[in-house]
Amino acid sequence: MSGSLTVVGLGPGEARYLTPAAQVALDAATDLIGYGPYVERVPPREGQLRHATDNRVEVERARHALELAAAGRRVAVVSGGDPGVFAMAAAVFEALEAGDPSWRALPITVEPGITAMLAAAARAGAPLGGDFCAISLSDNLKPWEVVTKRLRAVLEADFVISLYNPISKARPWQLGEALALAAEIRAAQTPVIFARAIGRPDERLRIMTLGEAVVAASSADMATLVMIGASGTRLIDRDGEAPFVYTPRSVASSPCATSQGRT
Ligand code: SAH
């Protein structure tokens with residue numbers, strides 16, 4: 001049997017958000033590898049081996065996956081959301097780059113999934129209608145100074161900002177600091193979305209102002225994606241329903257942007 005490795009995005013939660021192509025990749029695998037809760041999302045199948053690991057050991061897990069593929073197994077490495085967004089696909093390529101040169105001859109593919117940012121945006125309306133970016137607040141793999149520098153730059157550039165990994169037991173203060181920084185640069189009325197466990201039974205979407213979000217930071221958790229609106233992001237209120245949050249596609253030219261653009 002000739003081995004292969006596919007990094008598969010499982011989408012944000014329930015199986016209906018899994019793409020048909022990802023399902024084909026899961027069905028074809030002899031071995032599933034991933035962080036325990038992600039492996040658990042895939043229904044067990046007779047004859048398919050499951051290797052559930054701890055969350056912190058991504059590169060070891062990636063190396064293990066490559067070793068199995070090199071030994072002739074058809075390996076699916078599973079990730080929540082999209083595997084290329086703050087997830088296992090990059091870990092696989094880190095292991096590939098540093099590892100046995102013969103691994104480069106393996107068929108390695110990435111199957112995309114719906115990332116949390118897109119799932120959350122769709123629930124809220126259309127907050128990503130203009131320019132946007134995504135930042136992971138985790139400082140496990142990069143210094144906090146880099147996070148705040150990037151955050152300040154995109155706040156000043158008026159992007160809608162999606163914050164992944166906003167908070168955890170080991171990182172309790174970062175989200176509060178990030179939102180306080182946002183409040184220095186953006187208006188207190190700016191819409192902010194706390195989108196929790198989107199696509200799962202315990203999904204919860206909260207829409208608030210930036211001023212309220214600064215106070216509510218500690219109510220977010222690891223399953224939350226936080227989205228900070230840009231200056232154009234607005235609400236459409238509805239009776240008895242949550243408002244829609246959207247960002248119009250057009251941006252009026254600001255005197256500042258124009259003069260900078262022409263020098
Ligand atoms: N690869 C994943 C992201 C991994 S980083 C993806 O593409 O979605 C983990 C972070 O993603 C979490 O801390 C949270 O901020 C976000 N996240 C993942 N699933 C989510 C969901 N269902 N709802 C809201 N946020 C989610």
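Our subject is the structure listed above.
The shown structure was predicted, so the numbers you read here are calculated from the model rather than taken from an experiment.

## Focus: the sheet that holds strand 12 (residues 234-238)
Alright, step 1. If you walk across this open sheet you meet the three strands as 6-13-12, and the pairing is mixed. Single-partner strands in this sheet number two, and they are strand 6 (125-126) and strand 12.
Alright, step 2. One ladder, built from four bridges, connects strand 12 with strand 13 (residues 241-246); its direction is antiparallel. The residue of strand 13 that forms the bridge with L235 is V245.

## Considering the site of the ligand
Alright, step 1. In the neighbourhood of the ligand, 20 residues make up the surrounding shell, with D82, V85, T115, M222 and T224 lying closest.
Alright, step 2. Here a nitrogen atom of the ligand sits 2.8 Å away from a polar atom, N or O, in the main chain of V85.
Alright, step 3. Grouping the constituent residues of the shell around the ligand by class yields 13 nonpolar, five polar and two charged.
Alright, step 4. The two domains that each donate at least three residues to the shell around the ligand are domain 1 (4-114) and domain 2 (117-246).

## Things to note about the sheet that holds strand 2 (residues 31-35)
Alright, step 1. An order of 3-2-4-1-5 is seen for the five strands of this open sheet, with the pairing classed as parallel. Looking at which strands have only one partner, the edges of the open sheet turn out to be strand 3 (49-53) and strand 5 (108-111). With strand direction ignored, the average angle separating the axes of adjacent strands in the sheet is 20°.
Alright, step 2. Of the strand pairs in this sheet, strand 2 and strand 3 are connected by five bridges, and their pairing is parallel. By the bridge assignment for strand 3, I33 is matched with H51.
Alright, step 3. Across the sheet, helix 3 (residues 58-70) is in contact with strand 1 (4-9), strand 2, strand 3, strand 4 (74-79) and strand 5; its angle to strand 2 comes to roughly 175°.

## A few points about helix 4 (residues 88-98)
Alright, step 1. Those residues of helix 4 lying buried are M88, A89, A91, V92, A95 and L96. Relative to the axis of helix 4, the buried residues are bounded by an arc of 160° and lie together on one face. Residues of helix 4 that are exposed and angled more than 90 degrees away from the buried face: E97 and A98.
Alright, step 2. Buried positions along helix 4 lie against strand 1, helix 3, strand 4 and strand 5.

## What to know about the nonpolar core
Alright, step 1. In terms of nonpolar packing, the biggest core is built from 26 residues, with I161, L163, L175, L179 and F194 touching the most fellow members.
Alright, step 2. Within the residue set of this core, elements represented by two or more residues are strand 7 (132-136), helix 6 (144-156), strand 8 (160-164), helix 7 (174-185), strand 9 (191-196), helix 8 (210-216) and strand 11 (224-228).
Alright, step 3. In terms of nonpolar packing, the next biggest core, distinct from the first, is built from 18 residues, V75, V77, V92 and L96 among them.

## Concerning the packing of aromatic side chains
Both the distance between ring centres and the angle between the ring planes are used here to describe each pair of aromatic rings.
Alright, step 1. The final tally for this structure, using the stated rule, is three aromatic pairs.
Alright, step 2. For the pair Y35 and Y38, a centre-to-centre distance of 5.5 Å together with 80° between the ring planes defines the contact as edge-to-face.
Alright, step 3. Centre to centre, the rings of W144 and W173 are 5.3 Å apart; their planes meet at 80°, and the pair counts as edge-to-face. One end of the pair, W144, is in helix 6; the other, W173, is in the loop between strand 8 and helix 7, and 29 residues separate them in sequence.
Alright, step 4. Overall, W173 belongs to the partly exposed group, its relative accessible area being 42%.
Alright, step 5. One Lys or Arg, R238, reaches over the ring of F244 and ends 3.7 Å from the middle of that ring.

Calculation criteria
Residues numbered from 1 in each chain as written. Predicted model: local features only at pLDDT ≥ 70, side-chain atom pairs only at ≥ 80, totals over all residues. Heavy atoms only, no water. Pairing = 2+ DSSP bridges. Helix = DSSP H or I, 4+ residues; strand = E, 2+ residues; numbered from the N terminus. Near = heavy atom within 4 Å. Polar contact = N/O pair within 3.5 Å; in protein donor to acceptor, adjacent residues only side chain to side chain. Nonpolar A, V, L, I, M, F, W, Y, C, P; charged D, E, K, R; others polar. Domains from an automatic or database assignment. Axes fitted to C-alpha atoms, helices over the stretch in contact; angles between N-to-C directions. Contact = heavy atoms within 4.5 Å. Buried < 20%, exposed > 50% of the residue type's maximum accessible area, 1.4 Å probe, protein only. Arc of directions from axis to C-beta. Core = buried A, V, L, I, M, F, W, Y, C linked by side-chain atoms within 4.5 Å. Phe/Tyr/Trp six-rings, centres within 6.5 Å; stacked < 30°, edge-to-face > 60°. Lys NZ or Arg CZ within 6 Å of the ring centre and 35° of its normal.

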